[in-house]
Amino acid sequence: MTSDTKQTGPVATETENLHAVIRRARFVLFDFDGPICRLFAGHSAEGVAKDLVRWLERQGLRGLLTEEERVHPDPMVVLYAVNRRHPRSDLVVELEERLTQQELQAVPSAWPTEFADPLIRTWSAVGARLAVATNNSPRTAARYLDSRGLADCFMPNVYGRTQDLDQLKPHPHCLNRAMNALGAAPRSTLMIGDAPSDYLAAEEAGVPFLGYARNGDKEKLLRDAGAEHVVASLEPVLRILRNQV
């Protein structure tokens, strides 16, 4: 038996499982930054994080952050850190708005994820109901979708970060909001995300999950979290969907 032959069974099974996951989906929830686009492709997330840190320092609040938090490249780490120390405060509200404004500035230089646009349009065209469930600002997601001519595929079902940061994924809050608005049962819904927090939120909500991993590190994080179905490209998802039409 050749090595190619040995691989046939697992590969075929994985493809069949992917077919089944897609076939059952009547409602599809997309994470935004990752499966739909790379928001900070041309507008450095690290630069945004530094801007938030500098703003805190100008307010005399440098001591709110640890040294590790001050140099972390993810702006959400800064926001989470301040929220832990001053939950639901005016400070958190202002910092969240500053992050939202930076996200909005990033929209024109965001990179569309390959095959995302045709996948979204095809799924919508065949009758699936779509929503966005993201930890980004819903204003950011809505502006990007409008810029790509995709708003009609989702609107008004774009759910994202609120001032209550405790409800961000891995909390299932935005997934549950989306399903309630769509009238969707968890078993007929599919969540597509690229982070362990997406998977954990889907698990908590009882929703099947499809991971999108643009590199090996992303795939490992998803697999380690427990994700069973992970694709390196949205192309096979689009191909399966088109073959079912």
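Residues numbered from 1 in each chain as written. Predicted model: local features only at pLDDT ≥ 70, side-chain atom pairs only at ≥ 80, totals over all residues. Heavy atoms only, no water.

### Quick notes on empty space enclosed by the protein
Here comes step 1: The full count for this structure, using the stated rule, is 1 cavity of 30 Å³ or more.
Here comes step 2: Quantified by volume, the largest cavity comes out at close to 40 Å³.
Here comes step 3: In terms of lining residues, the largest cavity is bounded by Thr134, Asn135, Gly160, Arg161, Thr162, Gln167, Leu168, Lys169, His173 and Cys174.
Here comes step 4: Considering only residue class, the lining of the largest cavity consists of 2 nonpolar, 6 polar and 2 charged. (1 Å grid on protein atoms, 1.4 Å probe; cavity = no way out; pocket = protein on both sides within 12 Å on 5 of 7 lines; lining within 4 Å. Points joined across faces, edges and corners; volume = space filled by probe spheres on them. Nonpolar A, V, L, I, M, F, W, Y, C, P; charged D, E, K, R; others polar.)

### Observations concerning the pairing of strand S7 (residues 209–212)
Here comes step 1: Neither face of S7 is open: one carries Phe209 and Gly211, the other Leu210 and Tyr212, and all of them are buried.
Here comes step 2: In this structure, strand S6 (residues 189–193) lies alongside S7, joined through 3 bridges in parallel fashion. Across the sheet, residue Met191 finds its bridge partner in S7, namely Phe209.
Here comes step 3: One crossover worth recording links S6 to the parallel S7 by way of helix H10 (residues 196–205), and it is right-handed.
Here comes step 4: Once the chain exits S7 it traverses helix H11 (residues 216–225) before rejoining the sheet at strand S8 (residues 230–231), and the crossover so formed is right-handed. (Buried < 20%, exposed > 50% of the residue type's maximum accessible area, 1.4 Å probe, protein only. Helix = DSSP H or I, 4+ residues; strand = E, 2+ residues; numbered from the N terminus. Pairing = 2+ DSSP bridges. Right-handed = clockwise from strand over helix to strand, strands pointing away.)

### Side note on the sheet that holds S6
Here comes step 1: The strand order across the open sheet formed by 6 strands is S5-S4-S1-S6-S7-S8, and the pairing between neighbours is parallel. With one partner strand each, in any of the chains shown, strand S5 (158–159) and S8 form the two edges of the open sheet.
Here comes step 2: Here strand S1 (residues 27–30) pairs with strand S4 (residues 129–133) via 4 bridges, running parallel. The residue bridging Phe30 from the neighbouring strand is Val132, located in S4.

### Quick word on the pattern of salt bridges
Here comes step 1: One pass over the full model with this rule turns up 18 salt bridges.
Here comes step 2: The salt bridge partner of Glu96 is Arg161, with a shortest N-O separation of 2.8 Å. Residue Glu96 is located in helix H5 (residues 90–106), and its partner Arg161 is located in the loop between S5 and helix H9 (173–182); the two are separated by 65 residues in the primary sequence. The burial state of Glu96 is the same as that of Arg161; both residues are buried.
Here comes step 3: Each of Asp31, Lys169 and Asp198 takes part in salt bridges that share partners, so that together they form one network. (Salt bridge = Lys/Arg side-chain N within 4 Å of Asp/Glu carboxyl O.)

### Observations regarding the environment of Ala205
Here comes step 1: Note on placement: Ala205 falls in helix H10.
Here comes step 2: In the structure, Ala205 is positioned 32 residues away from His173 in sequence and 8.5 Å away in space, judged by C-alpha atoms.
Here comes step 3: The contact partners of Ala205, leaving out residues within four places of it in the chain, are Pro172, Leu175, Asn176, Met179 and Pro186. (Contact = heavy atoms within 4.5 Å.)

### Here's the deal with H5
Quick reminder: α-helices carry 3.6 residues per turn. Residues three or four places apart thus point the same way.
Here comes step 1: Relative to the 24 Å expected for 17 residues at 1.5 Å per residue, H5 spans 25 Å between its end C-alpha atoms, a close match to the ideal helical length.
Here comes step 2: Inspection of H5 places Leu91, Val92, Leu95, Glu96, Leu99, Thr100, Gln102, Glu103, Leu104 and Ala106 among the buried residues, and these make up the whole buried set.
Here comes step 3: Turning to H5, the residues buried within the fold contact helix H2 (45–58), helix H4 (75–85) and helix H7 (138–147). (Expected span 1.5 Å × (residues − 1).)

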